[in-house]
2 protein chains.
Amino acid sequence: MSDSWVNSPEAATGGADFHLVLRGPGGVRAQLMRALREAIGSGRLAPGTRLPPYRTLAADLGIARNTVGDAYAELVEEGWLTARQGSGTRVAPRAEPLGKGRSRAPVRQTRRRPALDLMPSSPDASAFPRTAWTASARRAMGVAPHDAFGVGDPQGRIELRRALAEYLARARGVRTAPDRLVICSGFAHGLRLLSSLLRGAVAVEAYGLAFHRDVVTGADLRTLPLTVDGRGARIEELPATRAGAVLLTPAHQFPTGGPLHHERRAAVVNWARSTGGLVVEDDYDGEFRYDREPVGAVQGLDPERVVYIGSVSKSLSPAMRLGWMALPGWLVDDVLAAKGERELWSGVVEQLTLADFLACGSYDRHLRRMRRVYRRRRDQLAATLARRAPHIRVSGVAAGLHAVLELPPGTERTALRAARRQGLALDGLANYRHPDSTMPVHDGLVIGFGTPPEHAFANALEALCLALPDAPAGSPDAGPYA
Amino acid sequence: MSDSWVNSPEAATGGADFHLVLRGPGGVRAQLMRALREAIGSGRLAPGTRLPPYRTLAADLGIARNTVGDAYAELVEEGWLTARQGSGTRVAPRAEPLGKGRSRAPVRQTRRRPALDLMPSSPDASAFPRTAWTASARRAMGVAPHDAFGVGDPQGRIELRRALAEYLARARGVRTAPDRLVICSGFAHGLRLLSSLLRGAVAVEAYGLAFHRDVVTGADLRTLPLTVDGRGARIEELPATRAGAVLLTPAHQFPTGGPLHHERRAAVVNWARSTGGLVVEDDYDGEFRYDREPVGAVQGLDPERVVYIGSVSKSLSPAMRLGWMALPGWLVDDVLAAKGERELWSGVVEQLTLADFLACGSYDRHLRRMRRVYRRRRDQLAATLARRAPHIRVSGVAAGLHAVLELPPGTERTALRAARRQGLALDGLANYRHPDSTMPVHDGLVIGFGTPPEHAFANALEALCLALPDAPAGSPDAGPYA
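Remember, it's a predicted structure, so these values are computed and weren't measured experimentally.

**Student:** Got a sec to walk through the sheet that holds strand β7 (residues 201-205) of chain A? Specific residues and values, please.
**Tutor:** Residue and element names in this part refer to chain A. One open sheet holds the 7 strands; their spatial order is β6-β14-β13-β12-β11-β7-β8, and the pairing between them is mixed. For this open sheet the edge positions go to β6 (181-184) and β8 (222-226), each flanked by a neighbour on one side alone. When the angles between neighbouring strand axes are averaged without regard to direction, this sheet yields 20°. Bridge count between β6 and strand β14 (residues 323-326): 4 bridges; the pairing is antiparallel. From the neighbouring strand, Cys184 faces β14, where its bridge partner is Gly323. With respect to the sheet, helix α6 (residues 187-195) is in contact with β6, β11 (245-248), β12 (278-282), β13 (306-311) and β14, its orientation differing from that of β13 by roughly 150°.

**Student:** Can you break down the interface of chain B and chain A residue by residue, with the values?
**Tutor:** Opposite the 100 residues of chain B that make contact, chain A presents 101 residues. Here chain B meets chain A over a buried area of about 9,000 Å², counting both sides, of which 55% is carbon and sulfur. There are 0 salt bridges connecting chain B and chain A. Scanning the region where chain B abuts chain A turns up 10 residue pairs in polar contact (both at pLDDT 80 or more). Only α1 (28-41), α3 (65-78), α4 (130-143), α6 (187-195), α9 (262-275), α10 (332-339) and α11 (348-359) of chain B provide two or more residues apiece to the side of chain B that touches chain A. Looking at which element gives the most residues to the side of chain B that touches chain A, the answer is α4 of chain B, with 7 residues. Among the residues making up the side of chain B that touches chain A, the classes are represented as 41 nonpolar, 26 polar and 33 charged.

**Student:** Can you break down unusual backbone geometry residue by residue, with the values?
**Tutor:** All names here are of chain A. Omega for the bond connecting Phe254 with Pro255 falls within 30 degrees of zero, at 5°, which places this linkage in the cis form. Inspection of the secondary structure puts Pro255 in the loop between β11 and α9 (262-275). Of note, the phi angle at Arg321 is positive, near 55°, even though the residue is not glycine. Position of Arg321 among the secondary structure elements: in the loop between β13 and β14. For Arg321, a relative accessible area of 8% translates into the label buried.

**Student:** Describe the confidence of the model for chain A, with residues and values.
**Tutor:** All names here are of chain A. With 88% of its residues at a pLDDT of 70 or more, chain A shows a mean pLDDT of 86. A low-confidence stretch, residues 95-111 stays under pLDDT 50, and its non-local contacts, those more than four residues away or across chains, total 41 contacts. Reported confidence for the predicted complex is 0.77 by ipTM and 0.79 by pTM.

**Student:** Tell me about the packing of aromatic side chains, residues and numbers included.
**Tutor:** All chains considered together, the criterion is met by 16 aromatic pairs over all chains. Judged by centre distance (4.1 Å) and plane angle (5°), the rings of Phe149 of chain A and Phe128 of chain B are stacked. Placement of Phe149 of chain A in the loop between α4 (130-143) and α5 (158-172) and of Phe128 of chain B in the loop between β5 (116-117) and α4 is noted, with the two residues assigned to different chains. Residue class for Phe149 of chain A comes out buried when judged on its relative accessible area of 0%. Residue classification places Phe128 of chain B among the buried residues on the basis of a relative accessible area of 5%. Centroid distance Phe254 of chain A to Tyr284 of chain A: 5.2 Å. Interplanar angle 80°. Geometry classified as edge-to-face. Taken together, the residues Phe254 of chain A in the loop between β11 and α9 and Tyr284 of chain A in the loop between β12 and β13 connect sequence positions 30 residues apart.

**Student:** Please provide a residue-by-residue account of the environment of Ala201 of chain A, values included.
**Tutor:** Considering the arrangement of structural elements, one finds Ala201 of chain A in strand β7. Excluding its chain neighbours within four sequence positions, the residues that come into contact with Ala201 of chain A are Arg222, Leu224, Ala243, Gly244 and Ala245 of chain A.

**Student:** Describe the relation of the copies chain B and chain A, with residues and values.
**Tutor:** If you rotate chain B by 180° and push it 0.0 Å along the axis, it lands on chain A with an RMSD of 0.1 Å. Here the copies are linked by what is in effect a two-fold axis. Interface residue correspondence from chain B to chain A reaches 100%, placing this contact among same-surface, isologous pairings.

**Student:** If you had to explain the pattern of salt bridges to someone new, which residues and values would you point to?
**Tutor:** Residues and elements named next belong to chain A. Per the stated rule, a full pass over the model turns up 42 salt bridges over all chains. For the salt bridge of Asp356 with Arg139, the shortest nitrogen-to-oxygen distance reads 2.8 Å. Residue Asp356 is located in helix α11 (residues 348-359), and its partner Arg139 is located in helix α4; the two are separated by 217 residues in the primary sequence. With a relative accessible area of 37%, Arg139 lands in the partly exposed category. For the salt bridge of Arg264 with Asp229, the shortest nitrogen-to-oxygen distance reads 2.7 Å. Linking Arg264 in helix α9 with Asp229 in strand β9 (residues 228-229), this pair joins segments that are 35 residues apart in sequence. Residue Arg264 is classed as buried on the basis of its relative accessible area, which comes to 9%. Ionic contacts of the salt-bridge type, sharing partners, join the residues Asp229, Arg234, Glu236, Glu237 and Arg264 into one network.

**Student:** Tell me about helix α1 (residues 28-41) of chain A, and please be specific about residues and values.
**Tutor:** Counted at 1.5 Å a residue, the expected span for α1 of chain A with its 14 residues is 20 Å, and the 20 Å between its end C-alpha atoms agrees. For α1 of chain A, the buried fraction is high: 11 of the 14 residues fall into the buried class.

**Student:** Which residues make up the environment of Pro123 of chain A, and what values go with them?
**Tutor:** Residue and element names in this part refer to chain A. Among the secondary structure elements, Pro123 is positioned in the loop between β5 (116-117) and α4. Spatially, the C-alpha atoms of Pro123 and Ser317 are 6.5 Å apart, while their sequence positions differ by 194 residues. Non-local contacts of Pro123, meaning those with residues more than four positions away in its chain, are made with Ser313, Lys314, Leu316, Ser317, Pro318, Tyr374, Leu401, Gly450 and Thr451.

**Student:** Please give an account of the packing of α6 of chain A against helix α10 (residues 332-339) of chain A that cites residues and values.
**Tutor:** Residues and elements named next belong to chain A. Relative to each other, α6 and α10 sit at 105°, their axes nearing to 9 Å. The angle between the axes of α6 and α10 places the two elements in the roughly perpendicular class. Counting all contacts with α6, which are made through His189, Leu193 and Leu194, the residues of α10 involved are Val335, Ala338 and Lys339. For the contact of α6 with α10, the class distribution of residues is 4 nonpolar, 1 polar and 1 charged.

About the criteria used
- Residues numbered from 1 in each chain as written.
- Chains lettered and ligands numbered in written order.
- Predicted model: local features only at pLDDT ≥ 70, side-chain atom pairs only at ≥ 80, totals over all residues.
- Heavy atoms only, no water.
- Pairing = 2+ DSSP bridges.
- Helix = DSSP H or I, 4+ residues; strand = E, 2+ residues; numbered from the N terminus.
- Axes fitted to C-alpha atoms, helices over the stretch in contact; angles between N-to-C directions.
- Contact = heavy atoms within 4.5 Å.
- Buried area = accessible area lost by both parts, 1.4 Å probe.
- Salt bridge = Lys/Arg side-chain N within 4 Å of Asp/Glu carboxyl O.
- Polar contact = N/O pair within 3.5 Å; in protein donor to acceptor, adjacent residues only side chain to side chain.
- Nonpolar A, V, L, I, M, F, W, Y, C, P; charged D, E, K, R; others polar.
- Buried < 20%, exposed > 50% of the residue type's maximum accessible area, 1.4 Å probe, protein only.
- pLDDT = per-residue confidence, 0-100.
- Phe/Tyr/Trp six-rings, centres within 6.5 Å; stacked < 30°, edge-to-face > 60°.
- Least-squares fit on C-alpha atoms with pLDDT ≥ 70 in both.
- Expected span 1.5 Å × (residues − 1).
- Parallel < 35°, antiparallel > 145°, perpendicular 65-115°, else oblique.

Okay, structure coming up:
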């Protein structure tokens, strides 16, 4: 490592000593260039500053003159320095230190999640199956053909599409084939691709993710709300909307929690077939059903009229960005065209790893394990509320990672504020309501019981109980389990 | 495994025997449901077909009656079957076999790459560092905090942004910080995000990727071409375009191959500062320079006016879908808003793996190795052409994974056809030309010498030589090296 205080009279660095340290990787020239860039970039060498002549700096640093000359020439080429006959080498006027631009960058706040987290739509992040996933990654990398790392197929790796076709048929009653599957980054990506192909209006459930509605409206489509009741969305309202497509969560209405009734399943498929409409099925947590077999996908009723979209966001992690669409045959090419020839989005290593993870049974094993964990949590939530807040009805808990607590009218916002004071993140039903819905407003909380790590679940429940509104006057203080 | 030919008089399956096989994972009920779904889905059980009563099927299969009853009830709920008092259980009329929809799916052709591939913009897929990548994945999974698998930060994992800030400063002269970096899926994704924030027109190089121009025009922006010469894009044409942004490939003009001259580097930054314009720097292959130090990024000259975008598409694999944007501080929040709170796109495991891969030096080692490989190929290409086709000038080969062969006027299409006949995939310069450019047309081939695996390179070169046009009459048959 060469180290020098450059302080010759010719250095003309505004009288200040100028400390150059040569270190790090690369040869002496690379080190010198890095040191000069750093000195200019940080503002230690101000614009217009004249640099020492080659021979002086070379002598100061104990390095060859040529090396200094080459470094200067290179930095001139990069625009850091200017060289004019007679004026020597100077720091270029435009080389400006970071943060002195026309507007200074605001210091970004790191997102902090509160200490206790019952926000819906995330599985327990601490339960990600790291060991099994790494084992699948290692196996997948061992057998992947070379072309996996070339320009990929926007439809997704065939290994993954084959494994998914088998899994979806077996576990979700989806009728598809590898050439009708398109890998995407998750539900929203799939919905975005479909929305770009639709015109007019899309019917949606009156309660649902505002984020999904935004994806649809972002494609210049309107969203029209369908009333939601205990049997799911009211399909009988669908024809009058004149929508060309309908977005549903049939396995487990999000967030209110019931499965779509079988008559409505039949009705929506009949609607699609008689009008040429499209059903978009968001199977976001279809794998998590606790008290009986999962309800199969609506897609199985008519694969030519239903687009089935699933992902690993609830089963593994929302940070994986891996999902899939099972498409009608006539839609495959249009969706691929919308996806774009060059934008695969999902990384090839993750795709190959998931293919192995499915094929070797690790996915099933993980789901079985998590079903036990989440069922225990659901039971604990229900038992705790029965004891501590028997006036609150819990619904939508036959499946999934969240429950809805039905609150007395007008108490939702108070409960959310109370939760915040406890350091507990919660979501209220109001956030999910379509602004145009004419349904009566229901106060409620959407409880993501899957979200916290195991050790924090009991504390989160305790904070939840403290945040809930008291029983209305006249109710008994405690319920039947007290 | 239970196995039965269902053939009772009550089965009423149109006289045909109906073979039900119970097998696969899950209990008997799950197996039965799967078998029935499969039989209905495949058309073996036609709509309207009456199913055997519980007791008959149970006896045939040697299983409990309740199990059959439960399975029927479940399939009614899913819409596969209908149950009416007095009419028994029948296959629902809407359960239609796959492929009988309103339009049959076209049989999709598998994309086949030709045997010999010199298409540009892909590194050698067979050189992906599988072992080192897997080692990084294992290490990264060992130390990742649990929250890595929760709802992620759309900006990207902090571990990766830290590693990138260090790497980009060291290797590319980029002046940035982790809170100014945004992880994206690649250059196109970054360009798409920026385009959504711009208005009016974007100046582009007259030769460049049509795909990138499409991303810009897809955001309702116009693209205006800047003439390209041996010093890169002619920045002096920029003010007259009145564009609000300019898209450049300064390290190595794509595809013509020269670095942006230092005076033009200064000029474009001055333009941006005086007009409030934005420079978008596509550093697609900045790491691959063969004969001297890489040219540093223009971004280093003014991080508040230049957006630097890079990716692993050339250094590791275009199928990884991992890239990064170094943003001016004032743009970070807008880009994150455009990216969307829920759409991280890049998977967390890949992000954490790349962070380790950078930090442990594997990235540098891989680049060093590949630089040697590609330099050798470039030399081989140049030597082969000097010997076999001395009338063809090779340019743009000081860096990167591709070269341009300058062809006699009017011979480009003939050469491409000849290459196709040899089973050689090639690209012509015409594909890269902006349709509005007033530059004189140059015939040429863009040769991706990085693309083929090592063992196929010599054959690809041979096919290339056979496809090249002959020397014009009057030229010597062989060049100085023959």
